[in-house]
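# Fold and contact review
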Amino acid sequence: MAEHVSSLLRQSVGHLEDEVPDSYRLVLGTLGPLTVEVDVDGEVFSLRGGRGLEVSDGPTGAAGAHIITSRAAIVDLLDAKVGIDEAVQAGAVRVHGSLDDILRAHDTLLAYVHAAVRAPSQPKLLAALRTGPL
Amino acid sequence: MSAMLARSDFIRTPVLASARPEGFKEWYHFVVHRPGSRILINFSLTSETSSAGHPRLMPRVIVIAHDQRWTGAVERFDDSELDVSADLATLVIGDNQMIVRPDGYRVMIDLPGHDIRGEFGFTSVSQPFVVNNQPVGDGRMCWLFVPRMRADGWLRVGGEEISFDGDVAYHDHNWGRFRWGGDFGWSWGTILPPDPEAPWSLVFLRMTDRRRLCSLSQALYVWRHDEPAAIFRHAAVEVKSHGLLGRAADCTLPPPMRLVLNGDVSDIPERMEVTAQRAGDTVHAEFRPQSYARLAQPSEICLDRSVVLCETNASARVTGSIDGEEIDFVGPSVFELLYG
């Protein structure tokens, strides 16, 4: 059975904290007080900040930004088969929230990518993401 | 020639990075010019500091190829998958291997996650040349290059197998201490005639500041057969860029970096001219870029910036004369523009 995306994200941010702490703090600072709820093929979880990045399973009532997507769309984005603007326009990634919160979520995504490419553990997690149903 | 290469080229990391790891980098770079395609292979080692403050080496293997369009992979390995032989002649990264031999190099590539495999023999057919202590931002870099090699072997990439049989190739080996994202940029190029019997091989390097407004050093190296025929430096070289290529990159590597390097615009020139004159010798090279791949390197200066290396295939027209001997050919070229 494929590992849940929430579990992979939880492992990912944990490794970032250990391996690239400065980049981790940049992600945390960029996310600020925002809670982002993510729905990947019906698996719902959220990412929030505070003292540390925390991934929680299940829906939350406190999210400012909501992202609805699929594992296949995430892999296509990470493989650069599509750009994020194309994915949004095609409906493969749907985003809801106020403009400020969506921009903050986007900036957090960019900070997360910058952190992930600096961390040695991330390629294995990306490989695990691919093992799920695409 | 063989002895000269064996004397000059060996893996520096075990000695230099052990003595002072901060900022140390080393990479072996190979470019194969085959009619209709270009292949770039790179074995690199970068010294990093772990969150616990301990130095560690980050080994990477990069393979990018241009046939109809650029494609390829950048794979990062754990330092436990790195091995350097005691004689400093063999570098093993995962299942990939590069061996410095008396007359050239043997390279084996195996990146099964990207369906990339290959074996190459690179035989030196020109003398190597070493440039020491080239300023790179606030650091220094040394580089050894072999303007022309003979490439034999095969590569499977993008679902296709490409064979090499006496094709012309280029090699450089770089080592030193500097930080990606520092105040520097470079334009580098290799030009080789399509006919392996044709005598001329050219290498160009221009170092600039990050914004490429100030040229810090530049040189055009011209080899005739296996020996240097002319080396033009600094004011003997004039570089002009014209227009913009006006097309998006064929690919961005590693692919997740497309998320932060979105967009279709680059400042690859539509045409670039390098003119060199000294002591009655003159060379004019005109590059016409066709397409490019973006290699993104995380900045070591800013956590939310990247350094982008644009690997560009171009056709190059070279004219001029050296020691009264005329140069006139159109050949394949790869040049690399580093945007800080």
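Given the structure is predicted, the values throughout are model-derived calculations rather than measurements. (Residues numbered from 1 in each chain as written. Chains lettered and ligands numbered in written order. Predicted model: local features only at pLDDT ≥ 70, side-chain atom pairs only at ≥ 80, totals over all residues. Heavy atoms only, no water.)

## Quick notes on the overall build of chain B
The number of helices and strands found in chain B is 2 helices and 22 strands. On C-alpha atoms alone, chain B measures out to a radius of gyration of 19 Å, which is about the 20 Å that the 2.2 N^0.38 rule sets for 340 residues. Referenced to the eigenvectors of the C-alpha coordinate spread, the extents of chain B come out at roughly 60 × 40 × 40 Å. Burial status across chain B gives 59% buried among its 340 residues. In chain B, 59% of the contacts between residues at least 6 apart in sequence involve partners at least 24 apart. Accessible area of chain B: about 13,400 Å², with a carbon and sulfur share of 47%. For chain B, the distance from the average position of its 34 positive side-chain charges to the average position of its 45 negative side-chain charges is 5 Å. (Helix = DSSP H or I, 4+ residues; strand = E, 2+ residues; numbered from the N terminus. Rg over C-alpha atoms; globule rule 2.2 N^0.38 Å. Buried < 20%, exposed > 50% of the residue type's maximum accessible area, 1.4 Å probe, protein only. Contact = heavy atoms within 4.5 Å. Areas by Shrake-Rupley, 256 points an atom, 1.4 Å probe, with all protein chains shown as cover. Lys, Arg positive; Asp, Glu negative; His and termini not counted. Charge placed at Lys NZ, Arg CZ, Asp CG, Glu CD.)

## Quick word on empty space enclosed by the protein
Which parts of space are left empty comes out when a probe the size of a water molecule is rolled across the atoms. Residue and element names in this part refer to chain B. Enumeration over the complete set of coordinates arrives at 1 cavity of 30 Å³ or more. Taken as a whole, the largest cavity spans an internal volume of roughly 380 Å³. As for the largest cavity, its lining consists of 28 residues, and the residues nearest its centre are Trp27, Asn42, Trp186, Leu309 and Glu336. Listed by contribution, the elements that provide at least two residues to the lining of the largest cavity are strand 1 (24-34), strand 2 (37-49), strand 3 (55-66), strand 11 (139-157), strand 12 (160-177), strand 13 (185-191), strand 20 (281-298) and strand 21 (306-322). Tallying contributions element by element places strand 2 first for the lining of the largest cavity, with 5 residues. Here the residues of the lining of the largest cavity are counted per class, giving 16 nonpolar, 6 polar and 6 charged. (1 Å grid on protein atoms, 1.4 Å probe; cavity = no way out; pocket = protein on both sides within 12 Å on 5 of 7 lines; lining within 4 Å. Points joined across faces, edges and corners; volume = space filled by probe spheres on them. Nonpolar A, V, L, I, M, F, W, Y, C, P; charged D, E, K, R; others polar.)

## Remarks on the nonpolar core
All names here are of chain B. The biggest cluster of nonpolar side chains holds 68 residues, and the ones touching the most others in it are Leu202, Leu220, Phe232 and Val283. Ranked by the residues each element gives to this core, the list is headed by strand 21, at 6 residues. Setting aside residues up to four positions removed in sequence, Val283 forms contacts with Leu202, Leu220, Val222, Phe232, Val274, Thr275, Ala276, Val318, Thr319, Gly320, Ile322 and Ile327. Grouped together as the second largest cluster of nonpolar side chains are 39 residues, Ile39, Leu144, Ile162 and Trp175 included. (Core = buried A, V, L, I, M, F, W, Y, C linked by side-chain atoms within 4.5 Å.)

## Points about the domain arrangement of chain B
All names here are of chain B. Entries for chain B in the domain assignment read domain 1 (1-178) and domain 2 (180-340). Spacing between the C-alpha centres of domain 1 and domain 2 amounts to 19 Å. The partner domain 2 presents 43 residues to the 38 residues of domain 1 that form the contact. Between domain 1 and domain 2, a total of about 3,200 Å² is buried, with carbon and sulfur atoms accounting for 65% of that surface. For the pair domain 1 and domain 2, the number of links is 1 salt bridge. Here Glu300 makes a salt bridge to Lys25, at a shortest N to O gap of 2.9 Å. At the boundary of domain 1 and domain 2, one finds 18 residue pairs in polar contact (both at pLDDT 80 or more). Among the elements of the structure, strand 1, strand 2, strand 3, strand 4 (70-76), strand 10 (129-136), strand 11 and strand 12 are those that each provide at least two residues to the side of domain 1 that touches domain 2. For the side of domain 1 that touches domain 2, the residue count by class is 22 nonpolar, 10 polar and 6 charged. (Domains from an automatic or database assignment. Buried area = accessible area lost by both parts, 1.4 Å probe. Salt bridge = Lys/Arg side-chain N within 4 Å of Asp/Glu carboxyl O. Polar contact = N/O pair within 3.5 Å; in protein donor to acceptor, adjacent residues only side chain to side chain.)

## Quick notes on the environment of A:Asp57
Residues and elements named next belong to chain A. Relative to the elements of secondary structure, Asp57 occurs in strand 3 (residues 54-57). Relative accessible area serves as the criterion here: at 55%, Asp57 is assigned to the exposed category. Each C-alpha atom of the pair Asp57 and Glu37 lies 9.7 Å from the other, and the pair is 20 residues apart in sequence. Once you skip the residues sitting within four places of it in the chain, Asp57 turns out to touch Ser6, Arg10, Val44 and Phe45. Of the polar contacts made by the side chain of Asp57, one reaches the side chain of Ser6; its length is 3.1 Å. Polar side-chain contacts of Asp57 include one of 3.1 Å to the side chain of Arg10.

## Considering a negative patch on the surface
Residues and elements named next belong to chain B. Judged by side-chain charge, Asp78, Asp79, Glu81 and Asp95 come together as a negatively charged surface patch. Take Glu81: it is sitting in the loop between strand 4 and strand 5 (82-84). Among the residues examined, Glu81 registers a relative accessible area of 37% and is labelled partly exposed. (Patch = residues over 30% accessible without salt bridge, like charges linked within 9 Å, V, L, I, M, F, W, Y side chains within 5 Å.)

## Thoughts on the interface of chain A and chain B
Contact with chain A, which involves 23 residues of that partner, is made by 17 residues of chain B. Summed over both partners, the interface of chain A with chain B comes to about 1,900 Å²; 63% of that surface belongs to carbon and sulfur atoms. Connecting chain A to chain B are 1 salt bridge. Residue A:Glu86 is joined to B:Arg258 by a salt bridge in which the shortest nitrogen-to-oxygen separation is 3.2 Å. There are 7 residue pairs in polar contact (both at pLDDT 80 or more) connecting chain A and chain B. Secondary structure elements with two or more residues in the side of chain A that touches chain B: helix 1 (5-19), helix 2 (21-31), helix 3 (71-78), helix 4 (84-89) and helix 5 (99-116) of chain A. Per element, the largest residue contribution to the side of chain A that touches chain B is 4 residues, and it comes from helix 2 of chain A. A class-by-class count of the residues in the side of chain A that touches chain B yields 12 nonpolar, 3 polar and 8 charged.

## A look at the packing of helix 3 of chain A against helix 6 (residues 122-130) of chain A
All names here are of chain A. Between helix 3 and helix 6, whose axes approach to 10 Å, the crossing angle comes to 140°. With respect to each other, helix 3 and helix 6 are oriented oblique. Here helix 3 runs over helix 6; the crossing is left-handed. Residues Arg71, Ile74, Val75 and Leu78 of helix 3 form the contact with helix 6, whose own contacting residues are Leu126, Ala128, Leu129 and Arg130. Class assignment for the residues of the contact of helix 3 with helix 6 results in 6 nonpolar, no polar and 2 charged. (Axes fitted to C-alpha atoms, helices over the stretch in contact; angles between N-to-C directions. Parallel < 35°, antiparallel > 145°, perpendicular 65-115°, else oblique. Left-handed = near helix turned anticlockwise from the far one by under 90°.)

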